[in-house]
Amino acid sequence: MRFMLIGNPNVGKTTLFNALTGANAHVGNWSGVTVDKLVGSIKGKKAELIDLPGTYSVTPSSEDEGVVTYAIINESYNGFINIIDTTHFKRNLHLTIQLLEANVPMMMTLNMIDALNKKGLTFDIKKFNEYVSNELVLVSARKGEGVSQVVDRLDHLSVKKPFRLYYGLTIEKAITQIIELVPQTVNQLDKRWVAIQALEGNDGIYSILSDEEKKKIQQVVCTTESQIVESGDALSLKGAIFNKRREWIHQVYQACIKPIPGAKVENE
Ligand code: GDP
Ligand code: MG
Ligand code: K
């Protein structure tokens, strides 16, 4: 088995990676780029863990971020482990949504719970489970708390209920059109994911498509961009997608992050 560890920069990825693997990692190479590929063996399991570069988005805006799209499309794996810093929950969820949309088996590890509690806040995992059907584990990677649960539950990863965020009529119409232009499913990635990434401007996805398919999809992206700008709903297509995600994230945040009764709260 093989799992991909994915998260924003500075969320405790290396700390969790070391806790899961006992720091037995070896460094490899991603083809074509100078970014290191860290591969470790998960303690007590016949499973490999691959550490991906920290990123705020699957849609690349740097060489590091390009590696994430490349790996998601080209590597073989059984699932993702998304590490979330609960003290920066809202910011982290933008990447999480992009991973959820792939509808690949994924565990979410909610890290820095100790630091969240110090801020007078708790994380309501039951509430979060009403928004996402994934395996969820609260961890404090630095203290090693929750790490054994992560290992145990890796055996049970599956897509219980596909994740689907609604982007509004204009974008949904474009998604439907692009899905029809994507000929085959790659790496169990949802075609809807490919469509949304195309609309966000992730050129990495075209590596799996022919020039003809690319041209047709880019036409849909271009038309949709004009429609969004003309409608005045957002300044750009990317902006419109971002706004829909932000609305969902705001709801999830309100539902899941709660003050500890009697504690002095320090806000995010
Ligand atoms: P990466 O950039 O995602 O690889 O993050 P690191 O593993 O390097 O961690 C970034 C910082 O967060 C380090 O100072 C860690 O010691 C700290 N850190 C990691 N996990 C936790 C945790 O569970 N609680 C707290 N309070 N700090 C943590
Ligand atoms: Mg790191
Ligand atoms: K390389």
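If you check an unreviewed UniProt entry, the protein chain appears there as Ferrous iron transport protein B from Turicibacter faecis.

A closer look at the overall build of the protein chain
Summing up its helical and strand segments, the protein chain has ten helices and nine strands in all. For 268 residues, the compact-globule estimate of 2.2 N^0.38 gives 18 Å, and the protein chain sits close to it at 19 Å. Referenced to the eigenvectors of the C-alpha coordinate spread, the extents of the protein chain come out at roughly 50 × 45 × 30 Å. Of all 268 residues assigned to the protein chain, the portion counted as buried reaches 51%. Sequence-distant contacts in the protein chain: of pairs separated by 6 or more residues, those separated by 24 or more amount to 70%. Entry remark: accessible area of the protein chain is about 12,400 Å², with carbon and sulfur atoms responsible for 50%. Across the protein chain, the 30 positively charged side chains and the 30 negatively charged ones have centroids separated by 5 Å.

Examining the pattern of salt bridges
Evaluated as defined, the whole model comprises 13 salt bridges. One salt bridge in this structure joins E48 and R2, with 2.6 Å as the shortest N-O distance. Highlighted residues: E48 in strand β4 (residues 48–51) and R2 in strand β1 (residues 2–7), separated in sequence by 46 residues. Its salt-bridge partner being R153, residue E135 comes within 3.2 Å of it at the nearest N-O pair. In this pair, E135 is assigned in strand β8 (residues 135–138) and R153 in helix α6 (residues 147–153), connecting sequence segments 18 residues apart. One salt-bridge network, in which partners are shared between bridges, spans R2, K37, E48 and E75.

A few points about helix α3 (residues 89–100)
Helix length check: α3 (twelve residues) gives 15 Å between terminal C-alpha atoms against 16 Å at 1.5 Å per residue, within 8%. When you tally the buried positions in α3, you get ten out of twelve residues, the bulk of the element. Taken residue by residue, α3 has F89, N92, L93, H94, L95, T96, I97, Q98, L99 and L100 as its buried positions.

A short note on the packing of α3 against helix α10 (residues 237–256)
In contact at an axis separation of 10 Å, α3 and α10 are set at 115° when each is read in the N-to-C sense. For the element pair α3 and α10, the recorded crossing hand is right-handed. Contacts from F89, K90, L93, H94, I97, Q98 and L100 of α3 reach α10 at F242, R245, R246, W248, I249, H250, V252 and Y253. A breakdown of the residues in the contact of α3 with α10 according to their chemical character gives nine nonpolar, three polar and three charged.

So, how was this worked out
- Residues numbered from 1 in each chain as written.
- Chains lettered and ligands numbered in written order.
- Predicted model: local features only at pLDDT ≥ 70, side-chain atom pairs only at ≥ 80, totals over all residues.
- Heavy atoms only, no water.
- Helix = DSSP H or I, 4+ residues; strand = E, 2+ residues; numbered from the N terminus.
- Rg over C-alpha atoms; globule rule 2.2 N^0.38 Å.
- Buried < 20%, exposed > 50% of the residue type's maximum accessible area, 1.4 Å probe, protein only.
- Contact = heavy atoms within 4.5 Å.
- Areas by Shrake-Rupley, 256 points an atom, 1.4 Å probe, with all protein chains shown as cover.
- Lys, Arg positive; Asp, Glu negative; His and termini not counted.
- Charge placed at Lys NZ, Arg CZ, Asp CG, Glu CD.
- Salt bridge = Lys/Arg side-chain N within 4 Å of Asp/Glu carboxyl O.
- Expected span 1.5 Å × (residues − 1).
- Axes fitted to C-alpha atoms, helices over the stretch in contact; angles between N-to-C directions.
- Left-handed = near helix turned anticlockwise from the far one by under 90°.
- Nonpolar A, V, L, I, M, F, W, Y, C, P; charged D, E, K, R; others polar.

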